[in-house]
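Now for the letters of each chain:
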Amino acid sequence: MNKSILPITPGLLALLNNEETGILPFTQEIFLLEIDIAGTNHCKEIETVKNQIVPEKLLSMKREPDNKFDEYAIAIYCEQVRVGYVPAKLNLVCSRLMDAGKLFFCRVVEKEWEMKWLRITANVYMVE
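Computed from a predicted structure; not experimentally measured.

S.K.: Honestly, the nonpolar core in this entry has me stumped. Any pointers?
M.R.: As a rule of thumb, soluble globular proteins bury nonpolar side chains together. Of all hydrophobic cores here, the largest spans 25 residues; its most connected members are I53, M61, I76, V83 and V124. Contributing elements (two or more residues each) for this core: strand 1 (29-36), helix 2 (46-49), strand 2 (58-63), strand 3 (74-78), strand 4 (81-85), helix 3 (92-99), strand 5 (103-114) and strand 6 (117-127). Once you skip the residues sitting within four places of it in the chain, I76 turns out to touch I35, I37, L59, S60, M61, V81, R82, V83, G84, Y85, V86 and C106.

In structure tokens:
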């Protein structure tokens, strides 16, 4: 066996994926769909993050398989605040991919206040 080629192990990937180094091996962003984030009107903390929600801002996504309203629910976060969800009509495929271990994130396209509702349009990406 050639000793100059290291096998990829979980430990090696963790080292390469260290947030301090910023190295992400073999990754690319795959655009999947554009959404209006659902449920932002139910976010009681929207005022604390509204100024951070700007175009190109990255938002994290987290599966909620135990959500009592939608078994395919995917929550969307700005920092540590859940601002809403992927709309139920669009979350089935993404939730199955997330359950299989794929990573997802959103990037803000625009935001607009409509009365007391903050409409946030975002693009959903899968990391491959």
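S.K.: Would you mind showing me how to read helix 3 here?
M.R.: For an α-helix, the turn length of 3.6 residues means that residues three or four places apart are oriented alike. Among the residues of helix 3, those classed as buried are C94, S95 and M98. Along helix 3, the residues classed as buried sweep out an arc of 100° about the axis, all on the same side. Facing away from the buried surface of helix 3 by more than 90 degrees, the exposed residues are V93, R96 and D99. The secondary structure elements touched by the buried residues of helix 3 are strand 1, strand 2, strand 3, strand 5 and strand 6. Just beyond helix 3, the residue with positive phi is G101, at close to 105°.

S.K.: Can you help me understand the pattern of salt bridges in this one?
M.R.: Charged atoms that come close allow side chains of opposite charge to pair. Under the criterion given, the structure shown has 11 salt bridges. With its nearest N and O atoms 3.2 Å apart, the salt bridge here joins E29 to R107. Of the two residues, E29 sits in strand 1 while R107 sits in strand 5, which places them 78 residues apart along the sequence. According to the relative accessible area criterion, E29 is partly exposed, its value standing at 44%. A salt bridge links R119 to E110, with the shortest nitrogen-to-oxygen separation between them at 3.6 Å. In the salt-bridge network here, residues are joined through shared partners; they are D36, E110, E112, E114 and R119.

S.K.: Before we go on, may I ask you to explain the sheet that holds strand 2 in this structure?
M.R.: Working definition: the strands of a sheet are paired by backbone hydrogen bonds and lie parallel or antiparallel to each other. Strands sit in the order 1-6-5-2-3-4 across an open sheet of six strands; the sheet is antiparallel. Of all strands in the sheet, those bounded by a partner on one side alone are strand 1 and strand 4. Taken over all neighbouring pairs, the strand axes of this sheet differ in orientation by 35° on average, direction set aside. In terms of strand pairing, strand 2 meets strand 5 through three bridges, oriented antiparallel. Across the sheet, the residue bridging to L58 is R107, located in strand 5. Against the sheet, helix 3 touches strand 1, strand 2, strand 3, strand 5 and strand 6, its axis set at about 75° to strand 2.

S.K.: Help me understand the side chain of N123 in this model?
M.R.: Tracing the backbone through its elements, the reader meets N123 in strand 6. In this structure N123 touches F31, L33, E34, F105, C106, R107 and V109, once residues within four positions along its chain are discounted.

S.K.: Before we go on, may I ask you to explain the packing of aromatic side chains in this structure?
M.R.: Aromatic rings in a pair are described by how distant their centres are and how their planes are angled relative to each other. Evaluated as defined, the whole model comprises two aromatic pairs. Judged by centre distance (5.7 Å) and plane angle (65°), the rings of F31 and Y125 are edge-to-face. Residue F31 is found in strand 1, and its partner Y125 is found in strand 6; the two are separated by 94 residues along the sequence. Relative accessible area serves as the criterion here: at 45%, F31 is assigned to the partly exposed category. Judged by its relative accessible area of 12%, Y125 is buried. A centroid spacing of 5.2 Å and a plane angle of 10° characterise the contact between F105 and Y125, whose relative ring orientation is stacked. Highlighted residues: F105 in strand 5 and Y125 in strand 6, separated in sequence by 20 residues. The buried category is assigned to F105, whose relative accessible area is 12%. Here the aromatic cluster, defined as three or more aromatic residues joined through ring pairs, consists of F31, F105 and Y125. In this arrangement the basic side chain of R107 is found over the ring face of Y125, its NZ or CZ atom lying 5.0 Å from the centre.

Calculation notes
- Numbers given for residues are sequential positions, taken from 1 along each chain in its written order.
- pLDDT decides what is reported in this predicted model: residues at 70 or higher carry local features, side-chain atom pairs at 80 or more are listed and counted, and totals for whole chains, interfaces and linings draw on all residues regardless.
- Note that water and hydrogens are dropped before the side-chain values are worked out from all heavy atoms of the structure.
- Nonpolar core, defined: a set of buried Ala, Val, Leu, Ile, Met, Phe, Trp, Tyr and Cys residues in which side-chain atoms within 4.5 Å join the residues together.
- The buried label goes to any residue with under 20% of its type's maximum accessible area, the exposed label to any with over 50%, and the partly exposed label to all in between, with areas taken from a 1.4 Å probe on protein chains only.
- Runs of H or I in DSSP of at least four residues are treated as helices and runs of E of at least two as strands, each being numbered from the N terminus.
- Every residue pair with non-hydrogen atoms within 4.5 Å of one another is taken to be in contact.
- The directions considered for the arc run from the helix axis to the C-beta atoms.
- By definition, a salt bridge exists where a carboxyl oxygen of Asp or Glu is found within 4 Å of a side-chain nitrogen of Lys or Arg.
- Strand pairing is defined by DSSP finding a minimum of two bridges between the two strands.
- Here the axes come from fitting lines to C-alpha atoms, over the contacting stretch only for helices, and the angles between their N-to-C directions go from 0 to 180 degrees.
- Stacked, tilted and edge-to-face pairs are distinguished by plane angle, under 30 degrees for stacked and over 60 for edge-to-face with tilted covering the rest, among Phe, Tyr and Trp rings (Trp via its six-membered ring) whose centres lie within 6.5 Å.
- Counted as over-ring charges are cases with an Arg CZ or a Lys NZ within 6 Å of the ring centre that also lie within 35 degrees of the ring normal.

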